[in-house]
Amino acid sequence: MQDSFPYGRQAERSAIRTLLDTPAGGSLVLVGGPGEGRTTLLGTAAGMAGPGWTVLTAPGRDPSVGYAGLQQLIEPLEALAGHLPAHQRDPLTRVIAGREPGASPLLLGVALLALMRRAAARGPVLCLLDDADRLDPPSWQLIQMLAARLPVAILATAAAELPGLRCVHLTPLDDEAGHALVHRRAPETTDEVAAALVELAAGHAGALAELADSLTPAQRRGLAPLPGGLPHGSSLRRRFQTRLAALPPSTRRLLLLAAAAPGTPPAELLAAADPALWPGTPSHECADSALVEGVDAALVEGVDAAPVEGVDAAPVEGVDAPSDEDADRAACGGPGGAAGECACGALREGACGAVTAAHLAPAERAGLITVTADGVSFRPPVAGLVAYGEEPLFRRHAAHLALAVVFAKRGRELAALVQRAEVTSAPDGELAQDLMRAAASVPPADAWRAQRHAARLGDDPSALLAAARSAVAAGRPRDARPLLRQASRLRAGVEVRARARGAIAEIKLRGAPAESRDVLLDVAADLLPTDPTGALDALLLAADACGRAGDPSRYPALARQAAAHYRDPSATPFGRPGDPSLTPFRRPGDPSATSLGKSGDPGWEIEMALHQVIGLADLMTGDETSAFRHLRAVMLLAARTTDPVALTRAANTGILLGQDRRAAHLANQAVTQAQRRGHAALVPEALEVAAFAELAAGRYDAATENALDGAAVARGAGRPDLAVSHQALLGLLAAFMGDAETARQRGDAGTVRRHDTATARERGGAGDGLGDWTEALLDLAAGHPDRAAERLARVARTGSMILRVAIAPHLAETTGKSVDVFDRWAARTAQPGWLALRSRCRALTEAEGADDYFREALGWHDRDADGGFARAHTQLLYGRHLRRHRRPAEARDHLRRAAETFRRYDARPWTDQAARELRAAGERVTTVDQAPLTAQQERIAGLVAEGATNREVARQLHLSPRTIDHHLRNVFARLGVRSRTELARRLDLFDRDRRDQAAVPVAHDA
C-alpha cells in the first residue's frame, strides 16, 4: 500500500530529499503536464524541508511582466533587505514594491546575492518555482545565478525540460497509487468504482482527483452509472477545451476520430476524415498559410481564449477568427500544399481540400497528441475524453459512421459493426446477430463491447451473459457485474439467469467463499435437469469454494447426481481399454451435453470435468481410493485439451495428487493458451497454480518467478484478489529461506494478508492461512518451534484441504505428533519427494524407529531431482537427532552437508542452525561464508544492471522503492562498487566466479 501522500511519487520524493540533503544546494526540475501533481510535490517539498528552513515561492504566471517572479520570491525577505547597504537595498525594495529596480541587471544581481547570503546565514534556503518555464526572463536569469553561486536549493516545475538543469519527468500513477488517491478524495468508494476511475483517468492524478470529487454517494457505492469523462466545471477540462478550441477544424475532426476509435492507425483516421464521408463539410478554398502559424503560436504561448459551448473555434488574441475553410487550408500549407513529413513518418501530400497528416501537426505542436504508425495517443489520455465529449452529437455520430465505412472497406468487420452500433439506438436484430457472429472469433477484449451492443439491440438474453463472460476474461469484472445483474433479473431464459448468478458468485468467490459456495450449489441444482454442462461448471467452481470455506455442504450429493445424469452402463471407458481409473460416462452426443471449453474435443473436456467433480466429492467424504482413481483420470485426459480453464483445473488436480512437475507443466500450458486467446483474467490464476506447483516440487526460484509474474499482471487483469495472493505466496517463499525482512515486506508486510484472512472468516471463509504459515516458518528458522506450532495448529483447523496437507511436515516437526491424513496422502502419491517427507514425519513422531525412517527419507530424497532444500532440512533434523543420542561423529557428516546446501540457497538462518548443531556436535566451525549477494539482492542487482530504475525494480518485485534503495546500498557495499556501470561489470565477474567456487563451510574435527 502507498505509505504517504502524494501517492505513487516515491521516486520524486527521494530526488527531493537528495536535493534538500545536499549542503552545496542545487536545482531540480519536475517536468509534467497540467494536473499531474507538480504543484502538490512543491507543497510536499516545503513540508519535507522542516523547521529552520527559509522557504520562498514564486509561481510563473505572466512572463511579460519583468521581475514579477523575483518580486514574489523575495517579498518575505523585505525586512532582511532593510539591513543591506542603500545601494543594494533600494533596487530590491523597488522590485518588492512592484516597480522597476532602477539599477542594471548586474547591480541587481549583486544585491540579490547579498540578500540571499544573509538568508542562508540564518539557515538553509529552499526556492519553489511553480511553472518556471512561464517566469519572466529577467527573474529566471537571476534565480539561475543564485543556484550557481550560493548553497540554495531550487525546486522548479515546468511543462518541458529546462536546458542545463537536472529534470525528473512525472509518470502516470500506477493502479495502487490511483486507488489510494481515490479513497483519499472519496473514502466510501468501493474498489470496483475506484478501479473504473483509475482506468478512465489513465494514471492522471488531476483527472482522478476531479473524477473522485464529482461522485455522488450512489456512484461511490456503485449503485449509479459512473461519469464517462471529466465533470463539467472541471479546471482540467477547461484547459483542454481552450487548447482544443484553438485548433483548425480538420485537426479537431481527426482528434474526434482518434477518440472515437482509440488505437486506429493514422492512415485509417485520414481515410475516415475524407470530406466525402462528412455531409455538409465545406469544400476547400485557398488561404494564407500564416494563419495556422498564428494558431500554433497562440497555443504555445497559452493565450488562447476560452471556448464557447457549441462554437467550433474560439478567437485567439491577435488573430482573426478563421472560418472552417480558412483553417483547413492553413493546416494543409496553403495553395497547392507544402510537402513535408509528420511525426508518424507519413508523407503529407498537401493536396488542397484533402485532410492529410499535416492536419495532425498543430495538435502535436500543442502537446495534445503523440502520433506513431500504430495510432494517435492523447497526452494525457483524458484529453481524448474532452476531444470527444466537446463535439456536438451529430459530429460524433458522423465520426462513427465514417469510421464504420473505412473499417468495412479494410476488412475489419467487427470494428465496423461496433461503430455502427455506437449510433444505433433502436432495436436492430440483424445488427445484433452480426455482432454476436463476428465477436465469436475475436479475443475477449474485442468481443465484450460487441456483445454488449448486441444485448442492447437484440432480443437474445444469452448475449448479456456472453458479454459479461468476455468482460471477465478481458480483465474487466467491473464491466461484467452490471451485465450479470441485468441477466440475473431477466424474466425469460431460466438457464441464463442461473448462469448469471453463478458468474456473480465466481467473481466473489475468494472474498466470500461460503456465500459463493451456496449460490453455486443452488445454480448447479437448478441447471442439472436442462443444462448439465452449466451444472458441471457450477460444481467445479463450488468445489473451490468448499475448499476455501472448509465445509463441503451439499457438494458430494450434487456431484453424484451429475454423474448419474451422464453415466451410461453400455459405454466403454475412454482412455486405455480396461483402465479401472476411468469410470464410464456417456459421451456427450445429445444436445444437452455441450463443451465446457471452446477447443479440443468437447467430449474429453466434459469427461475431465466429471472425473474431477466425482474425485473431489470422494475426497470430501473420505473415499481416498476412489478419489485418486478419478483424479488420475483427469491427468490422463488433460493431454487432450488446449482449453486454458480445463488445463488450470487439471494443474490443481496434479497438486492434489502430488504430481507437482506435471501440475507445473499444465499450469504453464494454461498460461500460454490464456495469453494466446486474450484471456487476461486467467493468466494470473494459472500462474498462481504454477507457483504453488513449483513450491511443492521444491523449485523455489521457479515458484518465485511465477509469483512475481502473476503479481505483475493480476491488477491489470482485473484481479486484485490474485495480486494479494501472489504477494502472500512471495512472502511464503521468502520465509522458506528464513528471510524475515523480505517475507514481511511482501504483501505489505503481511498486513493485507491478515486483513483479507479476517474478512474471509467473517464472511464464512476459512482464510487462506498463508500468513500464519509464513510466520510459522520464520519462527521455525529463528529457533522458536513453540510459537510456530501455535500458528500451524491454527492453519490445521481453518486452512483449506491442500494447505492442511502442505503444513503437515512442519506440524510434525514442531509438535512431534503424527498427521495421519498426510501419511496416507503421501503414500498414495507414490512421489519420491512426498514419500521422503512422509518418512521424515515418521522419524520425528516414532522415536523407536527414528534411525530407520531418517535413512529411508534420505533414500527417497536421493531419487527426487528437485529435493535439495528438503533434503538439507532432513539432514539437519537427522544430525540433531544423532547428536542428541550421543552419536556426534555420524551427526557431523549430515550437518556439514545440510550447512553446505543451506549456504548454496543463501538461507542464512538455516545455515546458522546447522553451524550451531555442528559446534554442539564437537566441531570447531569458523564463520560460514555467505554468498556475495542474497537471492533478493542478486535479483535487484541484475535488474539495475540491465538499466532499470529503482522505481521500475520496485514495481516488478512488488517492494517499496525504499526497500529497493536499502537493498541496493547493501549490494554496492558488498561488491565494493560505486556506480551502476561498475555493478554491471562486477556481476559479470561474479557469475563467472560462482561457477568455479566450491561452497563448503570451514570446519575442523575437535
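Residues numbered from 1 in each chain as written. Predicted model: local features only at pLDDT ≥ 70, side-chain atom pairs only at ≥ 80, totals over all residues. Heavy atoms only, no water.

A. Broad picture of the overall build of the protein chain. From N to C terminus, the protein chain includes 51 helices and eleven strands. The buried share among the 1006 residues of the protein chain stands at 53%. Put simply, of all contacts in the protein chain between residues at least 6 apart along the chain, 65% involve residues at least 24 apart. (Helix = DSSP H or I, 4+ residues; strand = E, 2+ residues; numbered from the N terminus. Buried < 20%, exposed > 50% of the residue type's maximum accessible area, 1.4 Å probe, protein only. Contact = heavy atoms within 4.5 Å.)

B. Just the packing of helix α45 (residues 868-884) against helix α46 (residues 888-904), in detail. Two elements in contact, α45 and α46, have axes separated by 8 Å at closest approach and are oriented at 150 degrees. Taken as axis vectors, α45 and α46 run roughly antiparallel relative to one another. α46 is crossed by α45, and the crossing has left-handed handedness. Across the interface between the two elements, Gly868, Phe869, Ala872, His873, Gln875, Leu876, Tyr878, Gly879, Arg880, Leu882 and Arg883 from α45 touch Glu890, Ala891, His894, Leu895, Arg897, Ala898, Thr901 and Phe902 from α46. Of the residues in the contact of α45 with α46, the class split is nine nonpolar, six polar and four charged. (Axes fitted to C-alpha atoms, helices over the stretch in contact; angles between N-to-C directions. Parallel < 35°, antiparallel > 145°, perpendicular 65-115°, else oblique. Left-handed = near helix turned anticlockwise from the far one by under 90°. Nonpolar A, V, L, I, M, F, W, Y, C, P; charged D, E, K, R; others polar.)

C. Just the sheet that holds strand β1 (residues 26-31), in detail. Strand order in the open sheet made by the five strands is β2-β3-β4-β1-β5, with parallel pairing throughout. Because the sheet does not close on itself, it has two edges, and the strands there are β2 (54-57) and β5 (167-169). Across this sheet, the average inter-strand angle for adjacent strands is 20 degrees, counted without regard to direction. Its contacts with the sheet put helix α2 (residues 38-49) on β1, β2, β3 (125-129) and β4 (153-158), and the angle it makes with β3 is roughly 170 degrees. (Pairing = 2+ DSSP bridges.)

D. Examining unusual backbone geometry more closely. The omega torsion of the bond from Arg379 to Pro380 falls at -10 degrees, within 30 degrees of zero and hence cis. As for its position among the elements, Pro380 is in the loop between β9 (375-378) and α18 (382-389). Of note in this structure, Arg886 is not a glycine but carries a positive phi near 60 degrees. Along the chain, the position of Arg886 falls in the loop between α45 and α46.

E. Summary view of the nonpolar core. The biggest cluster of nonpolar side chains holds 141 residues, and the ones touching the most others in it are Tyr555, Trp773, Phe822, Phe902 and Leu983. Discounting chain neighbours no more than four positions away, the residues touching Phe902 are Phe869, Ala872, His873, Leu876, Ala907, Trp910, Thr911 and Ala914. By size, the runner-up hydrophobic cluster in this structure holds 57 residues, among which are Tyr7, Leu208, Leu247 and Val376. (Core = buried A, V, L, I, M, F, W, Y, C linked by side-chain atoms within 4.5 Å.)

F. Representation of the packing of aromatic side chains. What the rule picks out here adds up to ten aromatic pairs. A centroid spacing of 5.6 Å and a plane angle of 70 degrees characterise the contact between Tyr700 and Phe869, whose relative ring orientation is edge-to-face. Of this pair, Tyr700 sits in helix α34 (residues 700-714) while Phe869 sits in helix α45, and the two are 169 residues apart along the sequence. Comparing Tyr700 with Phe869, the two get one shared label, buried. Ring centres 4.8 Å apart and planes at 75 degrees place the aromatic pair Trp825 and Trp834 in the edge-to-face group. When its relative accessible area of 10% is taken as the criterion, Trp834 is described as buried. Put simply, the rings of Tyr700, Phe736, Trp773, Phe869, Phe902, Tyr905 and Trp910 touch in pairs and so form one group of aromatic residues. Seen from the ring of Trp278, Arg253 lies directly overhead, with NZ or CZ sitting 5.2 Å from the centre. Here the basic side chain of Arg412 rests over the ring of Phe407, its NZ or CZ set 4.2 Å away from the ring centre. (Phe/Tyr/Trp six-rings, centres within 6.5 Å; stacked < 30°, edge-to-face > 60°. Lys NZ or Arg CZ within 6 Å of the ring centre and 35° of its normal.)

G. Local environment of the packing of helix α39 (residues 785-798) against helix α41 (residues 808-815). Relative to each other, α39 and α41 sit at 140 degrees, their axes nearing to 9 Å. As the angle between them shows, α39 and α41 are arranged oblique. The handedness of the crossing between α39 and α41 is left-handed. Facing Pro785, Ala788, Ala789, Leu792, Ala793 and Ala796 of α39, the residues of α41 in contact are His810, Leu811, Thr814 and Thr815. By residue class, the composition of the contact of α39 with α41 is seven nonpolar, three polar and no charged.

H. Quick look at the side chain of Thr189. Looking at the element boundaries, Thr189 is found in the loop between α8 (175-185) and α9 (191-201). In this structure Thr189 comes out as buried when scored by relative accessible area, which is 5%. Here Ala186 takes part through its backbone oxygen, which lies 2.8 Å from a polar atom of the side chain of Thr189. (Polar contact = N/O pair within 3.5 Å; in protein donor to acceptor, adjacent residues only side chain to side chain.)

I. Focus on helix α32 (residues 660-677). The first and last C-alpha atoms of α32 sit 26 Å apart over 18 residues, in line with the 26 Å expected at 1.5 Å per residue. For α32, the full list of buried residues reads Asp660, Ala663, Ala664, Leu666, Ala667, Ala670, Val671, Gln673 and Ala674. Those residues of α32 that are buried lie in contact with α30 (624-637), α31 (644-656), α33 (682-697) and α43 (832-845). (Expected span 1.5 Å × (residues − 1).)

J. Structural view of the pairing of β1. With five of its six residues buried, β1 lies for the most part within the structure. In this structure, β1 lies alongside β4, joined through six bridges in parallel fashion. Bridge pairing in β4 places Ser27 opposite Ile154. Relative to β5, β1 runs parallel, the two being bridged by three bridges. Looking at the pairing, Val31 lines up with His169 of β5.

K. A look at the confidence of the model for the protein chain. Per-residue confidence for the protein chain averages 82 on the pLDDT scale, and 83% of its residues sit at or above 70. Scored below 50 in pLDDT, residues 569-584 makes 28 contacts in the model with residues more than four places away or belonging to other chains. Of the regions scoring below 50 in pLDDT, residues 586-595 engages in 22 contacts with residues more than four places distant in sequence or in other chains. (pLDDT = per-residue confidence, 0-100.)

L. View of the pairing of β3. Where burial is concerned, most of β3 is hidden: five out of the five residues are buried. Residues Val125, Cys127 and Leu129 of β3 are buried on one face, and the alternating residues Leu126 and Leu128, pointing to the opposite face, are buried as well. Inspection of the sheet shows β3 paired to β4 by four bridges, in the parallel sense. Directly across from Leu128, in β4, lies its bridge partner Leu155. Handedness of the crossover joining β3 and β4 through helix α7 (residues 137-149) is recorded here as right-handed. (Right-handed = clockwise from strand over helix to strand, strands pointing away.)

M. Region of the structure containing the environment of Arg567. Considering the arrangement of structural elements, one finds Arg567 in the loop between α28 (555-566) and α29 (602-620). The class for Arg567 is partly exposed, based on a relative accessible area of 37%. Residues Arg567 and Leu610, spaced 43 residues apart in sequence, show a C-alpha to C-alpha distance of 9.7 Å.

N. Representation of helix α5 (residues 86-96) in the model. By the burial criterion, the buried members of α5 are Gln88, Pro91, Leu92, Val95 and Ile96. The arc that holds every buried residue of α5, seen down its axis, measures 140 degrees, which confines them to one face. At its buried positions, α5 is contacted by α3 (68-74), α4 (78-81) and α6 (105-122). Phi turns positive, to about 85 degrees, at Gly98, one or two residues after α5. (Arc of directions from axis to C-beta.)

O. Structural view of the pattern of salt bridges. By the definition in use, this model includes 51 salt bridges. Between Arg794 and Asp772 there is a salt bridge, with its nearest N and O atoms 3.0 Å apart. Remark: Asp772 occurs in helix α38 (residues 770-781) and Arg794 occurs in helix α39; sequence separation between them is 22 residues. Owing to a relative accessible area of 29%, Arg794 belongs among the partly exposed residues under this scheme. Where Arg897 meets Asp893, a salt bridge forms, and the shortest distance between an N and an O atom there is 3.6 Å. Taken as a pair, Arg897 and Asp893 lie in helix α46 at a separation of four residues, close to a single helical turn. Look at Asp893 and you get partly exposed, because its relative accessible area is 34%. Salt bridges sharing common partners tie together Arg510, Glu685, Glu688, Arg719 and Asp721. (Salt bridge = Lys/Arg side-chain N within 4 Å of Asp/Glu carboxyl O.)

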